[in-house]
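So the chains spell out like this:
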Amino acid sequence: MANKMWGGRFGQKPDPLMEEINASIDIDRKLYRQDIAASKAHAAMLAKSGIITAQDAKKIAHGLDTILSEIEAGKFAFKRALEDIHMNVESRLAELIGPAAGRLHTARSRNDQVATDFRLWVRDAIDAIDGALAAYQRALAERALQHAATIMPGFTHMQTAQPVTFGHHLLAYVEMAARDRGRFADARARLNESPLGAAALAGTPFPIDRAMTAKDLGFARPMANSLDAVADRDFVLEALSAAAITATHLSRFAEEIVIWSSPLVGLIRLSDRFTTGSSIMPQKRNPDAAELVRAKSGRIVGALLGLLTVMKGLPLAYQKDMQEDKDGAIAAFEALALSIAAMTGMARDLEPDVARMRAAAGEGYSTATDLADWLVRAIKLPFREAHHVTGRIVAKAAEAGVTLDRLPLPAMQVIEPRITKDVFGVLSVDKSVASRAGYGGTAPKNVRAQAKSWLKRLEREGFSAQAQRPSR
């Protein structure tokens, strides 16, 4: 027997291998809420447009609600022979309400149906990610406020560079997450158009109201070109691009947590809640959560590259290749959501070793730039000459085995006689960070102001985001 949903011209059943390669139900069953919502909107529109009767529309809506309840209760039997979520839902609908179910697919195709469902799913995923990133920002900003004056080493090339504050370092990731949220918001705005009603590729001769279904589903408008509506997947690509950048940012912080929590470095400590032990070495405390976040970025970046590869050579309009758009994308968003939750938890959990951070901040002659700047300000040396003089003084301090603020003044004056005792006012790590008071600098007062500003902004966004979110 041919497939009863599409097999009118076929006289034989597909080969079992064909059924296996053609089925997508294992993946697109996750779109069931979106599929049912879109079908209910479509049925309501068909009835209002006079294409089906109000009685049939009522039966369809009731049947779809029943199916939704069955799926959410775990009582729905998904069938691989029915290929996808659309056919599984439609087949069960026919069992529930009879011939009226066959009217639901009037003026639509699985092509515009799946495009609509997936847009709705990606939109929901973006909304969830945005909320998770906001919580991550709040966790970081709260810790930044707590540690606005906690001094730590800043690094370039993984070498001690200049002293910074731990709060300032955490706020850098707040800024990154803000840009991540902005990219997702841009992607959401562009994807928020409805493909429903484009049918297979050319539109439909039925007098449908695409604006009605678009509005009912929370879309800003219908898509303007039926070919584009069913063939486009750049909404997934753009969302995955934002996801990949976000995952990269999370991975960078995760890498720092791995490094900082090593006993050799010892800048922070994670509790038992975010570490694991070894099966053979009882002393171990492994930062597995951070390591897994670092690894999951590869899965997310891979999903983006995979879908780009699928799409790069496809002519218009729909091609079966596009069935491969969901598996990697859904897995990527699930991995990203888990990664954000893990990083949020670690941001709240980690405890800096304040004394070790402060000691490390003074190692490696990290206030050398402060000395060079003092030479420019106090005795008017050109910066390049000041840089050279400072390098010689650092070498002298290294030879003596002392920090810059412990090097005797006469030893400095041997190299530059015009140096006075006032130089010691800039050589401590406290003075160094306090002097970076320009906008965006690491000074504790800046960090406090920025952290408080972010917390107020996030509190305002928490209310406005809920108020502005379209109903659907």
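Residues numbered from 1 in each chain as written. Predicted model: local features only at pLDDT ≥ 70, side-chain atom pairs only at ≥ 80, totals over all residues. Heavy atoms only, no water.

### Here we look at the environment of glutamate 459
Consideration 1: By secondary structure assignment, the location of glutamate 459 is in helix α18 (residues 444-468).
Consideration 2: When its relative accessible area of 51% is taken as the criterion, glutamate 459 is described as exposed.
Consideration 3: Sequence separation between glutamate 459 and serine 24 is 435 residues, and the spatial gap between their C-alpha atoms is 41 Å. (Helix = DSSP H or I, 4+ residues; strand = E, 2+ residues; numbered from the N terminus. Buried < 20%, exposed > 50% of the residue type's maximum accessible area, 1.4 Å probe, protein only.)

### Overview of a positive patch on the surface
Consideration 1: A cluster of basic side chains, namely Arg448, Lys452, Lys456 and Arg460, defines a positive patch on the protein surface.
Consideration 2: Looking at where lysine 452 falls in the secondary structure, it is placed in helix α18. (Patch = residues over 30% accessible without salt bridge, like charges linked within 9 Å, V, L, I, M, F, W, Y side chains within 5 Å. Areas by Shrake-Rupley, 256 points an atom, 1.4 Å probe, with all protein chains shown as cover. Salt bridge = Lys/Arg side-chain N within 4 Å of Asp/Glu carboxyl O. Lys, Arg positive; Asp, Glu negative; His and termini not counted. Charge placed at Lys NZ, Arg CZ, Asp CG, Glu CD.)

### Topic: the pattern of salt bridges
Consideration 1: Counted according to the given criterion, the structure contains 29 salt bridges.
Consideration 2: Among the ionic pairs, arginine 33 bridges to glutamate 72, the shortest N-O distance being 3.2 Å. With arginine 33 in helix α3 (residues 32-48) and glutamate 72 in helix α4 (residues 54-72), this residue pair connects regions lying 39 residues apart in the sequence.
Consideration 3: For arginine 33, a relative accessible area of 49% corresponds to the partly exposed category.
Consideration 4: Residue aspartate 370 pairs with arginine 436 through a salt bridge whose shortest N-O separation is 2.4 Å. Of this pair, aspartate 370 sits in helix α14 (residues 368-379) while arginine 436 sits in the loop between α17 (429-435) and α18, and the two are 66 residues apart along the sequence.

### Focus on α4
Consideration 1: Here α4 spans 27 Å end to end across 19 residues, near enough to the 27 Å set by a 1.5 Å rise per residue.
Consideration 2: For α4, the secondary structure elements touched by its buried residues are α3 and α5 (85-97). (Expected span 1.5 Å × (residues − 1). Contact = heavy atoms within 4.5 Å.)

### Concerning the pairing of strand β2 (residues 159-165)
Consideration 1: Note that strand β1 (residues 151-156) and β2 share 6 bridges and pair antiparallel. Looking at the pairing, phenylalanine 155 lines up with threonine 160 of β2.
Consideration 2: Hairpin connection, β1 to β2: the antiparallel pair is bridged by 2 residues, and histidine 157 has positive phi, about 55°. (Pairing = 2+ DSSP bridges.)

### Here's the deal with the packing of helix α6 (residues 110-146) against helix α10 (residues 234-260)
Consideration 1: The geometry of α6 relative to α10 is characterised by a closest axis approach of 11 Å and an angle of 25° between their N-to-C directions. By the angle between their directions, the pair α6 and α10 is classed as roughly parallel. Where α6 crosses over α10, the handedness of that crossing is left-handed. Contacts between α6 and α10 pair Ala115, Phe118, Arg119, Val122, Ile126, Leu133, Tyr136 and Leu140 from the former with Phe235, Val236, Ala239, Thr246, Leu250 and Phe253 from the latter.
Consideration 2: For the contact of α6 with α10, the residue count by class is 12 nonpolar, 1 polar and 1 charged. (Axes fitted to C-alpha atoms, helices over the stretch in contact; angles between N-to-C directions. Parallel < 35°, antiparallel > 145°, perpendicular 65-115°, else oblique. Left-handed = near helix turned anticlockwise from the far one by under 90°. Nonpolar A, V, L, I, M, F, W, Y, C, P; charged D, E, K, R; others polar.)

### Let's talk about unusual backbone geometry
Of all residues except glycine, most have a negative phi; of all peptide bonds, most are trans.
Consideration 1: With an omega of 5°, the peptide bond between leucine 316 and alanine 317 qualifies as cis.
Consideration 2: Note on placement: alanine 317 falls in the loop between α11 (288-311) and α12 (326-349).
Consideration 3: Located in the positive-phi region is glutamate 83, a residue other than glycine, with phi close to 75°.
Consideration 4: If you trace the backbone, glutamate 83 turns up in the loop between α4 and α5.
Consideration 5: With relative accessibility at 6%, the residue glutamate 83 sits in the buried group.
Consideration 6: One non-glycine residue, tyrosine 365, lies in the positive phi region at around 55°.
Consideration 7: Within the element layout of this structure, tyrosine 365 appears in the loop between α13 (354-362) and α14.
Consideration 8: Taking the relative accessible area as the measure of exposure, tyrosine 365 reaches 23% and is therefore partly exposed.

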